[in-house]
Amino acid sequence: MRYARIAVDGRAVWGRVGDRDIELLSGSPFELPFGSAHESLSGSSSDGVQDVIGIVPVAEAVWLPPVLPPVFYAVGMNYPRHIAHAGAETPKRPEVGYRANNALTGHRSPIIKPAEVTGRFEAEPELVAVVGRTLRHATYEEARQSVFGWTIGNDVSARTWQHQDRTFWRSKNSDTFKPMGPWIETDVDALAQTTTLRVNGETRAEFPTGDMVFDPFDHLVEITQHTTVHPGDVLWMGTEATCQLEPGDTVEIGISGIGVLSNPVHLEGNEP
């Protein structure tokens, strides 16, 4: 099943994505617990059975990030070739960082390159796990069963800022630097897929999605030894490859079995 969030009359609506149409749903496809009650991610109460309240053709959809995560986890240096290219040490245990929700944008929305950015401005294709259950002190099997589905992320990075600042606050977290989507795919063996990075239709990189040092479930086990993970949290899994982006480019990240995330690149101040 594929679930998405799309803009309808100025509001975010969950939808179930088919080949041609999106069935608009009365609430969220998964629940957040609040005490003894359950409330959906969209804020409306639900018993888990959603009514179809409308239809939107896929071709006409205005795509939003498929989930707004309560916590946005991100993994660095998790693919052997990327580690070797960077001259970094292979991690000895799963570790995560954090990203900011303000950086999220949806499928087909523009990536805005700030006018003052110089040097490398790069795309990083990433698998994203979407958590569907509350977890604390999880076993590997509990972590595996907790993943609601999978989506695609583009970890856009301004390298000069990355080297100038003590943290990644600008280089990773500026507005539009984290495209995610187009939907959440719930029925796929994500680690058995292939990730492809294209710019203007030209393939720049291709690699086995699951060729990681530590997989998503390893990371969830480690995270939950210290922090409670909640439904809607996302975990971006790092990349094997990067490539330069320029204003005027269109960058596509495809993960077989999930879909294709596509975004144009615009220079700040020169948006159409």
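Residues numbered from 1 in each chain as written. Predicted model: local features only at pLDDT ≥ 70, side-chain atom pairs only at ≥ 80, totals over all residues. Heavy atoms only, no water.

(A) Structural view of the overall build of the protein. Tallying secondary structure elements over the protein gives four helices and 22 strands in all. Rg of the C-alpha trace for the protein: 18 Å, near the compact-globule value of 19 Å for 272 residues, within the 12% margin. Seen along its three principal axes, the alpha-carbon backbone of the protein occupies a region of about 50 × 45 × 30 Å. Going through the 272 residues of the protein one by one, you find that 52% of them count as buried. Long-range pairs, those at least 24 residues apart, make up 73% of the contacts in the protein with a sequence separation of at least 6. (Helix = DSSP H or I, 4+ residues; strand = E, 2+ residues; numbered from the N terminus. Rg over C-alpha atoms; globule rule 2.2 N^0.38 Å. Buried < 20%, exposed > 50% of the residue type's maximum accessible area, 1.4 Å probe, protein only. Contact = heavy atoms within 4.5 Å.)

(B) Structural view of the sheet that holds strand β18 (residues 202-208). Strands sit in the order β11-β22-β21-β17-β18 across an open sheet of five strands; the sheet is mixed. One side of each edge strand has no neighbouring strand; the edge strands of this open sheet are β11 (111-113) and β18. Put simply, the sheet's adjacent strands are angled 20° from each other on average, direction ignored. (Pairing = 2+ DSSP bridges. Axes fitted to C-alpha atoms, helices over the stretch in contact; angles between N-to-C directions.)

(C) Expanded view of the packing of aromatic side chains. Enumeration according to the criterion identifies eight aromatic pairs in this entry. Centre to centre, the rings of Phe72 and Trp236 are 5.2 Å apart; their planes meet at 40°, and the pair counts as tilted. You can see Phe72 sitting in strand β8 (residues 72-74) and its partner Trp236 sitting in strand β19 (residues 234-236), a full 164 residues away along the chain. The class of Phe72 is buried, set by a relative accessible area of 2%. With relative accessibility at 1%, the residue Trp236 sits in the buried group. Residues Trp150 and Phe217 carry aromatic rings whose centres are separated by 6.1 Å and whose planes lie at 80° to one another, so their mutual orientation is edge-to-face. Of this pair, Trp150 sits in strand β14 (residues 147-154) while Phe217 is found in helix α4 (residues 216-223), placing the two residues 67 residues apart along the sequence. The burial state of Trp150 is the same as that of Phe217; both residues are buried. Of the aromatic side chains, those joined through ring pairs into one cluster are Tyr140, Trp150 and Phe217. (Phe/Tyr/Trp six-rings, centres within 6.5 Å; stacked < 30°, edge-to-face > 60°.)

(D) The arrangement of the nonpolar core in detail. Ranked by size, the top nonpolar core spans 43 residues in total, and within it Phe121, Leu127, Trp150, Leu235 and Val251 carry the most contacts. Secondary structure elements with two or more residues in this core: β12 (121-123), β13 (125-131), β14, β17 (194-199), β18, α4, β21 (250-255) and β22 (259-267). Apart from the residues within four sequence positions on either side, Leu235 is in contact with Tyr73, Val75, Val96, Leu127, Val128, Ala129, Pro216, His219, Leu220 and Ile223. Of all hydrophobic cores here, the second largest spans 15 residues; its members include Trp14, Phe30, Ala74 and Trp236. (Core = buried A, V, L, I, M, F, W, Y, C linked by side-chain atoms within 4.5 Å.)

(E) Examining the pairing of β14 more closely. The element β14 is extensively covered by neighbouring structure, given that eight of its eight residues are classed as buried. The pairing of β13 with β14 spans seven bridges and is antiparallel. Looking at the pairing, Leu127 lines up with Ile152 of β14. Bridge analysis of β14 against strand β16 (residues 178-185) gives three bridges, and the strand direction is antiparallel. Along β16, the bridge assignment pairs Trp150 with Glu185.

(F) Just α4, in detail. Listed in full, the buried residues belonging to α4 are Pro216, Phe217, His219, Leu220 and Ile223. Down the axis of α4, the sector holding all buried residues measures 155°, keeping them to one side. (Arc of directions from axis to C-beta.)

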